[in-house]
Structures are given as structure tokens and as C-alpha cells.
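Here is how the chains run, residue by residue.
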Amino acid sequence: MERLTILHTNDLHSHFENWPRIRRYLATTRQQEQAAGATVYTVDLGDHVDRAHPVSEATNGQKNVALMNQIGYDAVTIGNNEGLGFMRPQLDHLYDHANFPVVLGNLRTLDDQTLPRWAVDHQLYRSAAGTRVLILGLTAPYDLTYPLAGWQPIPAMTALTTLLERYRQQADVCILLSHLGLPVDRQIAKRFPQIDVVIGSHTHHLLPHGEQDNHSLLAAAGKYGQYVGRIDLEVDDQHHVTHKEASVVETASLPEEPADAEEVQDLTDLGETILTEQRVAKLPVMLEANFTGNPQVVREGLHAIAEYAGTQAAVLNAGLFLHDLPRGIVTQKQLHQVLPHSMHVMTVTLDGYNLWRLVQEFETMRRFLRHFPMKGMGFRGKVFGELAYLGIAYDPQTRAVTWRGEPLSPLKHYRVAMLDHYLFIPFFPTLSIAGENHILYHDLLREVFAQYLGRHYPLEP
């Protein structure tokens, strides 16, 4: 009887506070299990990079890859934070110095429909006893945004059907690295009995003891490095899997060493040092932030996105701006602290009636969203905050909406700048029902704001 052990991490999101203990656990466990005769594979499921951390932002994720190189991963796949957090020219170089294979079977280049040069569509290993282990990787195929970043996603089921037809007969054991989310993992388990193990991520779910679904074992280890996953397979002398079990270890239960805190702080310091050296603008006054009001920094933000998008009107939520911007020199470090979100400007074109309806949705949700603890969808703040308009006004008594002082006409079309974030949250359905939406994907919101400040408050007059 042969034993295969798979150690897995996922969705770190640059939460490096757990990294030293994760690294020691993986190294120690691999050594112990190999000494006991097991074959060990170590994998990561993606979203290791999150540009909300200063060192990930300052190095375009290169520091994350350098940390991953410490592990000796046998395979990794990407999450949406890698795939959509960078434009294609940046992502094409993210893994230049990686010492591990990136396994990804459902992303192609937009222009010539080829596999990314930094990826392979499968990885095949042979254990000491001759068991052939096939590793596949899939990421969440965001149809709307991946083409804007330079990629063509392939639906998970379509890609998996092709991959299994092409490679499954070459292996005894099949493992899927899934950055698709638990509901999709369960569908895969029901539809593809050829897969022995589905290791999951993306939805940050935790399966402490795994989940047996049809022929497949589902495993998952939560988020932020709070857990590390482990899967043990027993394989007979005919290379058939006879037993599967999954478990997790809580990172907080692992021993901490005195140098850990300094190592983690050094990563933050490195990122902040690099970003501090990048000067952007010189403000004559402080721009105050306040998530419950309409402060100056929000008004500047409205003008910034309207100017960037070429519109006469704009909408922003005040909770985006996490800190004041002080008078004087503005650096990329400050802008990163103020706007850590991975969001983009979007233009929305609506006729007069549907713009009126959208503003009614804004106003209906205003009090609820003012203190709403928004999470995910690119938002890296605390609460959604107050909605603010530029070029649009609302009369709460009559419910009338005006466009730059004039009543809306149902026969006219109006173009407004806002954020792609609003399209992905469930509060403003008119955007997806009636809006002609164009995401301006090249720059993140903080990059748009930096360009605006540099033009209007230059370092040198």
C-alpha cells in the first residue's frame, strides 16, 4: 500500500502574518512524511497576490512569487486576483522567476487563442512506487472582465471535458486545483467521476474533514492562510486509490518564532518604502475623508473619474476613501492607503427614464449603504458609505432628477462615470438590466486618481 500526501494552501490574499508558520509547517510535514515513506505534493490554489498589501502593489506581485519559491510547490494555479488584478503585460511577467509550474487549463490569450506562455495545461508526476498523478488547474472564468485584461476565459466544464479526454488515460490519480468556488466544485464532482480529488478555493470555504461527493473528495482550507490543508490517499499495488481523507491544521495553533513578526513587518516596510519614493502631486490643502458625508476628497474623486471617462456626471461612494490626504507632497504610499481597492472606472449610458430609475435605486439604498460593511468584489475598505453625485441632483420631495440643472428627458441618453464595482453588487439592478456599460480596465481607481492629482496639483508648478 502506497501513501500520497497533498499539502495545499489557497487565498492568502497577501496576509503575510501567517506566512512564516505556513512555510515551516509545509517544510517540516513534507520531510516527516517523506521519511515515513509517503510521496508528498504541495500545491497552491491561487489568490496568493492581493494588491491591497503595499509590497504586492510595489513589486507587481513579484515579492509574492519570491515567497512562494521558498516552499517548493509542485503546482499552483491562479485566482482572479492574479488573473484580473494585472493587465496582460504585467501578468505575462509575474512568474518570470517562479520555480514552480503554473497549471491552468481554461485561459487563453485574447489575440491568438493560445495558452499563456507562463502556464501549462496539466502536470504529470510519477511517485516512487510508479503511481502516475495528473494535476489540472482551473480558475473562475469571468467572461466580462478577462477580455478587458487581454485574456479569453473558457467555461470550466468545457475546459475540463477537453483536458480529461486528453490526459486522464495517462494517469492513475487525478487531482484538480480549483479556483472556481464550492458550488462549481460540487457540480464537477457529480459530473466527472474521473477526478479523485477536487481541492477548492475562491469562495473561501473551509472543509475541515473534506466532503465526499460521488467519486470525488472535496477539500478546502478557508482563506488568508488561517488554515493549511492536507489530503492523504492510499493507493494499492495496482495504483488504484483505495482510501481518501482530508484535514486541515489551524495556523494559529502552530508554534511562532521570535523572528516571525519582524519578517512580516519587513514585507510591509519594503512595500511602503518603494511606494513612498514615488511622488505624485503637491496638494495646497488637506483633502478630508468622511464616509458619512460629501468631503473634499470625494468631490475631487468625482471630478477625477468624470475627467478620465470624458463624462459630465459621476457617482462615487464615500466609503472608498479610507484616509485623509494631507497638505503637501502626495506619494503612491498615501494613495495606496487611501484607495487600496482593485476597482476600475466604468461608463454607463442610459435613457432619461432609466437614469431616473437608477437614481431612485441609489436613493432607496442610501441610508442602508451608508454604514453597510461591504466585502469583496474588489472592495478593500470597511463600509460602503454615502453616495455622492457630480452633475446629477435629486429632489427628495418630488423625486425629480436633474442633469446639470436641467430636467431629464426620456428621449435623451445620458453617460455617467462610476465604478465597475456597482455592476457586481446586487443593489443597483438597472445597471445590468438597462445600462450600456463600458469598463475602462487599463487603470485602477487609485491610478486614475493619481493621474488627476498630478495634472491638477503638479509637483512643480
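Residues numbered from 1 in each chain as written. Predicted model: local features only at pLDDT ≥ 70, side-chain atom pairs only at ≥ 80, totals over all residues. Heavy atoms only, no water.

An unreviewed UniProt entry lists the protein under the name Metallophosphoesterase, with Candidatus Levilactobacillus faecigallinarum as the source organism. In its Sequence similarities (unreviewed entry) section, the UniProt entry covering the protein states "Belongs to the 5'-nucleotidase family." (UniProt positions renumbered as here; feature names shortened; annotations may be inferred.)

**Q** Now, about the overall build of the protein: what can you tell me, with residues and values included?
**A** Each helix and strand counted, the protein has 15 helices and 23 strands in total. Over its C-alpha trace the protein gives a radius of gyration of 24 Å, about what one expects of a compact globule, namely 23 Å for 461 residues. Along the first, second and third principal axes, the C-alpha atoms of the protein reach 80 × 50 × 40 Å. Out of the 461 residues in the protein, the part that is buried amounts to 57%. Look at the contacts in the protein between residues 6 or more apart in sequence, and 74% of them connect residues 24 or more apart. Carbon and sulfur atoms make up 51% of the accessible area of the protein, which amounts to about 19200 Å² in all. The protein carries 38 positive and 52 negative side-chain charges, and their two centres are separated by 5 Å. (Helix = DSSP H or I, 4+ residues; strand = E, 2+ residues; numbered from the N terminus. Rg over C-alpha atoms; globule rule 2.2 N^0.38 Å. Buried < 20%, exposed > 50% of the residue type's maximum accessible area, 1.4 Å probe, protein only. Contact = heavy atoms within 4.5 Å. Areas by Shrake-Rupley, 256 points an atom, 1.4 Å probe, with all protein chains shown as cover. Lys, Arg positive; Asp, Glu negative; His and termini not counted. Charge placed at Lys NZ, Arg CZ, Asp CG, Glu CD.)

**Q** Now, about the sheet that holds strand β11 (residues 216-221): what can you tell me, with residues and values included?
**A** Across the sheet, which stays open at both edges, the six strands sit in the order β5-β6-β8-β9-β11-β10 with mixed pairing between neighbours. Looking at which strands have only one partner, the edges of the open sheet turn out to be β5 (123-126) and β10 (206-213). Neighbour-to-neighbour, the strand axes of this sheet turn through a mean angle of 20°, independent of strand direction. (Pairing = 2+ DSSP bridges. Axes fitted to C-alpha atoms, helices over the stretch in contact; angles between N-to-C directions.)

**Q** Which residues make up the nonpolar core, and what are the values?
**A** Where a protein is soluble and globular, its nonpolar side chains tend to be buried together. The biggest cluster of nonpolar side chains holds 101 residues, and the ones touching the most others in it are F321, I392, M418, Y422, F428, F449 and L453. At seven residues, the largest contribution of residues to this core is made by helix α10 (residues 296-309). In this view, M418 contacts I305, V315, H344, V345, M346, V348, L358, F362 and L431; residues no more than four positions away in its chain are not counted. One finds L138, M157, A171 and A189 within the second-largest nonpolar core, a separate group that totals 23 residues. (Core = buried A, V, L, I, M, F, W, Y, C linked by side-chain atoms within 4.5 Å.)

**Q** Any chance you could break down the packing of aromatic side chains for me, citing the residues and the numbers?
**A** A complete count under the given rule lists 18 aromatic pairs for this structure. Measuring from ring centre to ring centre gives 5.8 Å for W118 and W151, while their planes differ by 80°; the resulting arrangement is edge-to-face. Highlighted residues: W118 in the loop between β4 (107-109) and β5 and W151 in strand β7 (residues 151-153), separated in sequence by 33 residues. We classify W118 as buried; its relative accessible area is 9%. Summarising the aromatic geometry, the rings of F384 and Y422 are spaced 6.0 Å apart at their centres and angled 45° between planes, so their arrangement reads as tilted. Residue F384 is found in the loop between α12 (352-370) and β18 (387-390), and its partner Y422 is found in helix α13 (residues 421-424); the two are separated by 38 residues along the sequence. Taken together, the ring pairs in this structure connect F362, F368, F372, F384, Y389, Y422, F427 and F428 into an aromatic cluster. (Phe/Tyr/Trp six-rings, centres within 6.5 Å; stacked < 30°, edge-to-face > 60°.)

**Q** A description of the environment of L316 should follow, citing residues and the corresponding values.
**A** Along the chain, L316 turns up in strand β15 (residues 314-317). The class of L316 is buried, set by a relative accessible area of 0%. Along the chain, L316 and G376 lie 60 residues apart, while their C-alpha atoms are 17 Å from each other. Filtering out sequence-adjacent residues up to four positions away, L316 remains in contact with V298, G301, L302, I305, F321, E386, L387, A388, L419 and Y422.

**Q** Tell me about the environment of M374, and name the residues and values.
**A** Structurally, M374 is set in the loop between α12 and β18. You can call M374 buried: its relative accessible area is 5%. C-alpha of M374 to C-alpha of G385: the two residues are eleven residues apart in sequence and 9.2 Å apart in space. Residues contacting M374, with those up to four places away along its chain left out, are F379, G381, K382, V383, F384, H421, I425 and F427.

**Q** Give me the lowdown on the layout of surface pockets, citing residues and values where you can.
**A** Approximately 1200 Å³ is the volume attributed to the largest pocket. Lining of the largest pocket is provided by 44 residues; of these, N81, G376, M377, G378 and R380 occupy positions nearest its centre. At the level of secondary structure, the elements contributing two or more residues to the lining of the largest pocket comprise α4 (80-83), α9 (260-276) and α13. A class-by-class count of the residues in the lining of the largest pocket yields 15 nonpolar, 19 polar and ten charged. Taken as a whole, the second largest pocket holds about 250 Å³ of empty space. (1 Å grid on protein atoms, 1.4 Å probe; cavity = no way out; pocket = protein on both sides within 12 Å on 5 of 7 lines; lining within 4 Å. Points joined across faces, edges and corners; volume = space filled by probe spheres on them. Nonpolar A, V, L, I, M, F, W, Y, C, P; charged D, E, K, R; others polar.)

**Q** Go over the sheet that holds strand β3 (residues 75-76) with me, naming the residues and quoting the values.
**A** What the five strands build is an open sheet, ordered β3-β2-β1-β12-β13; its pairing is mixed. Edge positions in the sheet fall to β3 and β13 (241-250), since each has one partner strand and no second. Where strand β2 (residues 39-44) lies against β3, two bridges are found, and the strand directions are parallel. Along β3, the bridge assignment pairs V43 with A75. Packing against the sheet, helix α1 (residues 19-35) makes contact with β1 (2-9), β2, β12 (227-235) and β13, and its axis sits at approximately 175° to β1.

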